[in-house]
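# Tertiary structure, described
Here is how the chains run, residue by residue.
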Amino acid sequence: MNTAGHSEARAPRGLELTPFRGLRYDPERVGSLAAVTSPPYDVVVRPDGVHHLQSADPHNIVRLILPQAGTPSAGTEQAADTLRRWLAEGILTADPEPCMYVYEQRDGGGMLQRGVIGTLRISEPAEGVVLPHEDVMPPVVADRAALMRATRANLEPLLLTYRGNGTTAEVIERTAEKPPLLSTTTEDGFHHSLWSVTDPADLSRIQTDLARHQALIADGHHRWATYRLLRAEQPSPGPWDYGLVLLVDTARYPLRVRAIHRLLHRLPVADALTAVEGLFRIRRLDVPLADALEVLADATCTGNAFLLAGDGAFHLLDRPDPDLLARTIPADRPTAWRSLDATVLHATLLDHVWHIPEDSPADIAYIHDTAATVTKAERDGGTAVLMHPVREEVVRDLARQGVTMPRKSTSFGPKPASGLVLRALEI
């Protein structure tokens, strides 16, 4: 009899976090730690953001997570060559012993977030251990998979949340009272600190505590899907059974939830508005961005609403035709899903009204920064679709039901800075 399988059936495993030997920049070999960090790969606004980060320091992590070359395959090989060179030159060095890391982020407004970084056993959604809440785009997963295969590394941690407020939080608080391994302030005003946890008793406390919990993917759906894909390709057991994550206890440190906006490259605002006449109420707002976002927030209290921009003004779309929604939104989903702004945007506006494919980079971009989305739309003659964020409780409730939201529905933060700690699978 397979006793291991029998035991697992009786007592399903929760989160299995393990220590690892992190790769970190040698501060004596780089200009500054802040200059080599980057936002996560999907937050960097390309190409402007890539060029800015590349010029900040010749060893900026963006050269690994977003390599710039003539073809995608050339880019992944370039990243692998760069990583090998940095390891050989001592730009990146492995910590002497396996550990977990306590990671802290602060901003000038009093926001404090702390979590623990380790390698997490990769699980399938059916196990109910790591809960996705968004669909993924296969081309993005393929791109990240090619990069991970070439570098044989996890270059940046995913952001996962759980609800605990137990032993792990106590270890984190106690660790954060000690001098950190590194401390730096990035140009966005966030202060970052990192500590190592090597004491076997503390590691055991964290592992025992987390084994009772499940986690929600806050940021990194495509990289988690990539972890799962690569684990299926590789021999098991092995290093590909685990992936690099940051786990944040939102019972202790609530995350901020922001919207991800859409930039429709080939759709001018005038055409977008013409197509929705009679289907939504349309109101022109000749006000600054901050005021327009307040109007959007008020409008979402009573139903679905969006802001269109790109022609020098803002246009509020709200009060959609109920018959239109009934015709275009799948009826076999929970009411909470059917009423999401992202659902209405994708099922009704993009698919039915504007006929824009949601996974075509030539037609649509997903941008976190509100002002940048508007600026790009105005510069390129496209349409910015600005969204109001969904509440975390709605996200978690849908995830527990096994219901995924439309792609790029949420932006949880603050996100971990890329470049503070990496993982090489063979170290």
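Note that the structure is predicted; figures quoted are calculated from it, not measured. (Residues numbered from 1 in each chain as written. Predicted model: local features only at pLDDT ≥ 70, side-chain atom pairs only at ≥ 80, totals over all residues. Heavy atoms only, no water.)

On to the overall build of the protein chain. What the protein chain contains, in helices and strands, is 16 helices and 21 strands. For a compact globule of 427 residues, the expected C-alpha radius of gyration is about 22 Å, and the protein chain comes in at 22 Å, within 12% of that figure. Scored against the burial criterion, the 427 residues of the protein chain give a buried share of 55%. Across the protein chain, the fraction of contacts at a sequence separation of at least 24, relative to all contacts at a separation of at least 6, is 79%. A total accessible area of about 18,000 Å² is found for the protein chain, and carbon and sulfur atoms account for 51% of it. Taken together, the 44 basic and 55 acidic charged side chains of the protein chain have centroids lying 3 Å from each other. (Helix = DSSP H or I, 4+ residues; strand = E, 2+ residues; numbered from the N terminus. Rg over C-alpha atoms; globule rule 2.2 N^0.38 Å. Buried < 20%, exposed > 50% of the residue type's maximum accessible area, 1.4 Å probe, protein only. Contact = heavy atoms within 4.5 Å. Areas by Shrake-Rupley, 256 points an atom, 1.4 Å probe, with all protein chains shown as cover. Lys, Arg positive; Asp, Glu negative; His and termini not counted. Charge placed at Lys NZ, Arg CZ, Asp CG, Glu CD.)

Okay, the packing of helix H5 (residues 72–89) against helix H6 (residues 138–151) next. Two numbers describe how H5 lies on H6: the axes approach to 8 Å, and their chain directions differ by 35°. Handedness of the H5/H6 crossing: right-handed. Across the interface between the two elements, Thr76, Glu77, Ala79, Ala80, Leu83 and Arg84 of H5 pack against Ala146, Leu147, Ala150 and Thr151 of H6. (Axes fitted to C-alpha atoms, helices over the stretch in contact; angles between N-to-C directions. Left-handed = near helix turned anticlockwise from the far one by under 90°.)

To continue, consider the side chain of Asp341. Of note, Asp341 is situated in helix H14 (residues 341–353). Buried and unpaired, Asp341 has no salt bridge, with Arg391 as the nearest side chain of opposite charge at 10.0 Å. Engagement of the side chain of Asp341 in a polar contact is seen with the side chain of Asn304, the distance being 2.9 Å. The residues contacting Asp341, other than those within four sequence positions of it, are Thr300, Gly303, Asn304, Ala305, Phe306, Met387 and His388. (Salt bridge = Lys/Arg side-chain N within 4 Å of Asp/Glu carboxyl O. Polar contact = N/O pair within 3.5 Å; in protein donor to acceptor, adjacent residues only side chain to side chain.)

What follows concerns the pattern of salt bridges. The full count for this structure, using the stated rule, is 26 salt bridges. Here Arg121 makes a salt bridge to Glu16, at a shortest N to O gap of 3.3 Å. In this pair, Arg121 sits in strand E5 (residues 112–121) while Glu16 sits in the loop between helix H1 (3–10) and strand E1 (17–18), placing the two residues 105 residues apart along the sequence. On the basis of relative accessibility, which here comes to 22%, the residue Glu16 falls in the partly exposed class. Asp219 serves as the salt-bridge partner of Arg223, at 3.2 Å between the closest nitrogen and oxygen. For the pair Arg223 and Asp219, a shared accessibility class is recorded, and that class is buried. A network of salt bridges, in which partner residues are shared, links Glu104, Arg106, Arg114, Glu173 and Arg252.

With that settled, consider the packing of aromatic side chains. Taken as a whole and assessed by the stated rule, the structure comprises four aromatic pairs. Aromatic side chains Phe280 and Phe306 sit 6.4 Å apart centroid to centroid with 65° between the ring planes, which places their arrangement in the edge-to-face category. Here Phe306 lies in strand E16 (residues 305–309) and Phe280 lies in the loop between helix H10 (269–276) and strand E15 (281–285), a separation of 26 residues in the sequence. Judged by relative accessible area, which is 5%, Phe280 ranks as buried. Look at Phe306 and you get buried, because its relative accessible area is 0%. In this arrangement the basic side chain of Arg144 is found over the ring face of Tyr41, its NZ or CZ atom lying 4.0 Å from the centre. We note Arg333 situated over the ring of Trp337; from NZ or CZ to the ring centre the distance is 4.3 Å. (Phe/Tyr/Trp six-rings, centres within 6.5 Å; stacked < 30°, edge-to-face > 60°. Lys NZ or Arg CZ within 6 Å of the ring centre and 35° of its normal.)

Quick look at the sheet that holds strand E18 (residues 364–367) now. Across the sheet, six strands lie side by side as E15-E17-E16-E19-E14-E18; this open sheet has antiparallel pairing. The open sheet has two edge strands, E15 and E18, and neither has a second partner. Within this sheet the neighbouring strands show an average axis-to-axis angle of 25°, counted without direction. Where E16 lies against strand E17 (residues 314–318), five bridges are found, and the strand directions are antiparallel. In the strand pairing of E17, Leu308 is matched with His315. (Pairing = 2+ DSSP bridges.)

What follows concerns the pairing of strand E9 (residues 182–185). Residues Leu182 and Thr184 line the buried face of E9, whereas the alternating positions Ser183 and Thr185 sit on a face that is not buried. Sheet topology note: the E9/strand E10 (residues 191–197) ladder contains four bridges and is antiparallel. For Leu182, the partnering residue across the bridge sits in E10 and is Leu194. If you look at the hairpin formed by E9 and E10, you'll find five residues sitting between the two strands, and Gly189 has a positive phi there, around 90°.

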